[in-house]
Amino acid sequence: MKIPFSPPFINNTVIQEVTDALESGWITTGPKVKRLESLVSEHTKAPNTLCVNSATSGLMLALKWFGVGSGDEVIIPAYTYSATALAVMHIGATPIMVDVESDFNIALPAIEKAITKNTKAIIPVDIAGWPCDYDEILEIANNKKALFNAQNDNQRKLGRLLIISDSAHSIGATYNNQFLGSVTDIAVFSFHAVKNVTTAEGGAICLNLPSPFNNDNEYNYLRCFSLNGQTKDAFTKSKAGGWRYDIIYPGLKINMPDVLAAIGVAQLPDYFSSVLSKRRTIYEFYQSFFKDKPWAVLPPYKDNKKLSSCHLYALRVHDISEEKRDKIIDAISKEGVAVNVHFQPLPLLTLFKEMGYNINNYPVAYNNYKAEISLPIYPQLNDNELHYIVNTIAKAVEENL
Ligand SMILES: *Cc1c(COP(=O)(O)O)cnc(C)c1O
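Residues numbered from 1 in each chain as written. Predicted model: local features only at pLDDT ≥ 70, side-chain atom pairs only at ≥ 80, totals over all residues. Heavy atoms only, no water.

In the nomenclature of an unreviewed UniProt entry, the chain is known as DegT/DnrJ/EryC1/StrS family aminotransferase of Corallibacter vietnamensis. Regarding the chain, the relevant UniProt record gives this comment under Sequence similarities (unreviewed entry): "Belongs to the DegT/DnrJ/EryC1 family." (UniProt positions renumbered as here; feature names shortened; annotations may be inferred.)

Following this line, the structure appears as structure tokens:
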């Protein structure tokens, strides 16, 4: 049997919606993007949503909006995809990496310790779709207000560190019964091809800023900023008589095209009505199979505050070395099952090593990584395949312990 790791979920509804965009006479940012933005807001209850061309650029835009730049520090977990750090570096600020907990997510005491007078934002990452401790993170930001050195209007208005969740994995996850998107100041979703909801490439910035911010006004500013700082988008400008525009900000060019938004427009309602629960069913099947294996460390799924969006099934093998884990992965791959490792902690990667980050300072991140194997999880998997996956994994582990 051959089981791919994460093929996109493309059904007829998607094909029809994309064809509709292609035949409409309008293919870049226009009505499909607007529709996707309102669908994201409807489902997550985020006051406003702006779609952009990736989560990476969404994070950059959110940081730029808050005036974060050279000399500023942004706290991120060492255990994440590189984009979290690169977004911070691209806007000229310094990523301050901190260690995580055994649930894979950023550690609260580590955040507290890392805050200085230069810290402007925290980007917790909902690894695998498991929400971070947002009540406690907000409390830390509030407790450290005295250190916060506001340098522009938005920073003065907020009066504390900005909390941007890297929610690349967590659309559909809930925290205190609220969907991510309406939990943190700003949440950034990814619609990359392998994520729970996709537009091939794309991302969404959900605005949930506290008063005195007006989220509608901030949306309008961000929309303009995502389109070169131009006062009219191409769609509006293309209408007869609508030619005149102005450039009012040094904007980025990170808008999402309608052809891609169409994929998301078709996927999002299905995701919330059936695909997400299918992912959860698979996750629960894995949990019930591996809970009886003495060597298995189960990933977090739900507790009294949190429910995962089941983006990844991050299985760990108790007390195993990196070399043995790699052998297990080889054995699984030989049987045709594609598995993965999420993630290599950033200090293990050349760029960050050369910047001076040292894995020895992130023992929990390293321990999570060395024992981790991500299993396939997507709605197309049938019972036969799921049984084949778990049996293949169990055999490979037990032969290599
Ligand atoms: C995928 C991913 C991103 C980047 O998403 P893009 O849309 O590809 O820019 C950021 N953070 C995490 C944790 C991711 O997994």
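Moving on from the model shown.
Asker: Is there a simple way to think about the nonpolar core in this case?
Answerer: For soluble globular proteins, nonpolar side chains are generally found buried alongside one another. With 95 residues, the main nonpolar core has I186 and F191 as its most contacted residues. No fewer than three residues from each of domain 1 (12-262) and domain 2 (274-400) sit in this core. Apart from the residues lying within four places of it in its own chain, the contact partners of I186 are A62, W65, L162, I163, I164, S165, I205, C206, L207 and L209. By size, the runner-up hydrophobic cluster in this structure holds 31 residues, among which are Y283, Y313, L381 and L386. (Core = buried A, V, L, I, M, F, W, Y, C linked by side-chain atoms within 4.5 Å. Buried < 20%, exposed > 50% of the residue type's maximum accessible area, 1.4 Å probe, protein only. Domains from an automatic or database assignment. Contact = heavy atoms within 4.5 Å.)

Asker: Quick question: what am I supposed to make of the packing of aromatic side chains here?
Answerer: The geometry of an aromatic ring pair is captured by two quantities: the separation of the ring centres and the angle between the planes. Enumeration according to the criterion identifies 22 aromatic pairs in this entry. Ring centres of W65 and F213 lie 5.4 Å apart, and the angle between their planes is 55°; on these two criteria the pair is classed as tilted. Of this pair, W65 sits in helix α3 (residues 55-65) while F213 sits in the loop between β9 (203-207) and α8 (215-225); the two residues are 148 residues apart in sequence, bridging distant segments of the chain. The two residues W65 and F213 agree in class, both being buried. Taken together, the ring pairs in this structure connect Y283, F285, Y286, F289, F290, W295, Y301 and Y313 into an aromatic cluster. Here R325 stacks its cationic end above the ring of Y369, 4.7 Å away from the centre of that ring. (Phe/Tyr/Trp six-rings, centres within 6.5 Å; stacked < 30°, edge-to-face > 60°. Helix = DSSP H or I, 4+ residues; strand = E, 2+ residues; numbered from the N terminus. Lys NZ or Arg CZ within 6 Å of the ring centre and 35° of its normal.)

Asker: What's the story with the site of the ligand in this structure? I'm lost.
Answerer: Taken together, 16 residues are adjacent to the ligand, and T56, D166, H169, S190 and K195 come closest. Between the ligand and the protein, one listed contact pairs an oxygen atom with a side-chain N or O atom of H169 at 2.6 Å. Residue K195 places a side-chain N or O atom 3.1 Å away from an oxygen atom belonging to the ligand. In isolation the ligand exposes 380 Å². Once the protein is present, 92% of that is buried. Mapped by element, the contributors of at least two residues to the shell around the ligand are α3 and α4 (83-90). Residue classes in the shell around the ligand are distributed as 6 nonpolar, 8 polar and 2 charged. (Near = heavy atom within 4 Å. Polar contact = N/O pair within 3.5 Å; in protein donor to acceptor, adjacent residues only side chain to side chain. Areas by Shrake-Rupley, 256 points an atom, 1.4 Å probe, with all protein chains shown as cover. Nonpolar A, V, L, I, M, F, W, Y, C, P; charged D, E, K, R; others polar.)

Asker: Honestly, the sheet that holds strand β7 (residues 178-179) in this entry has me stumped. Any pointers?
Answerer: Sheets are built from strands paired through backbone hydrogen bonds, the pairs being either parallel or antiparallel. Taken together, the 3 strands give an open sheet; going across it, the order is β7-β6-β11, and neighbouring strands pair in antiparallel fashion. Two strands close off the open sheet at either side, each with one partner strand: β7 and β11 (306-307). Bridge count between strand β6 (residues 174-175) and β11: 2 bridges; the pairing is antiparallel. Across the sheet, residue Y175 finds its bridge partner in β11, namely K306. (Pairing = 2+ DSSP bridges.)

Asker: Would you mind going over the sheet that holds strand β1 (residues 48-52) with me for this structure?
Answerer: Read from one edge to the other, the open sheet built from 7 strands follows the order β1-β9-β8-β5-β4-β2-β3, with strand pairing classed as mixed. The open sheet has two edge strands with one neighbour each: β1 and β3 (94-98). Strand after strand, the sheet turns through a mean of 25° between neighbouring axes, direction not considered. Judged from the 3 bridges that link them, strand β5 (residues 162-166) and strand β8 (residues 186-190) form a sheet pairing that is parallel. Bridge pairing in β8 links I164 to I186. Seen against the sheet, helix α2 (residues 31-44) touches β1, β8 and β9 and runs at an angle of roughly 135° to β1. Of the strands in this sheet, β4 (119-122) and β5 are in contact with helix α6 (residues 134-143), which crosses β5 at around 150°. (Axes fitted to C-alpha atoms, helices over the stretch in contact; angles between N-to-C directions.)

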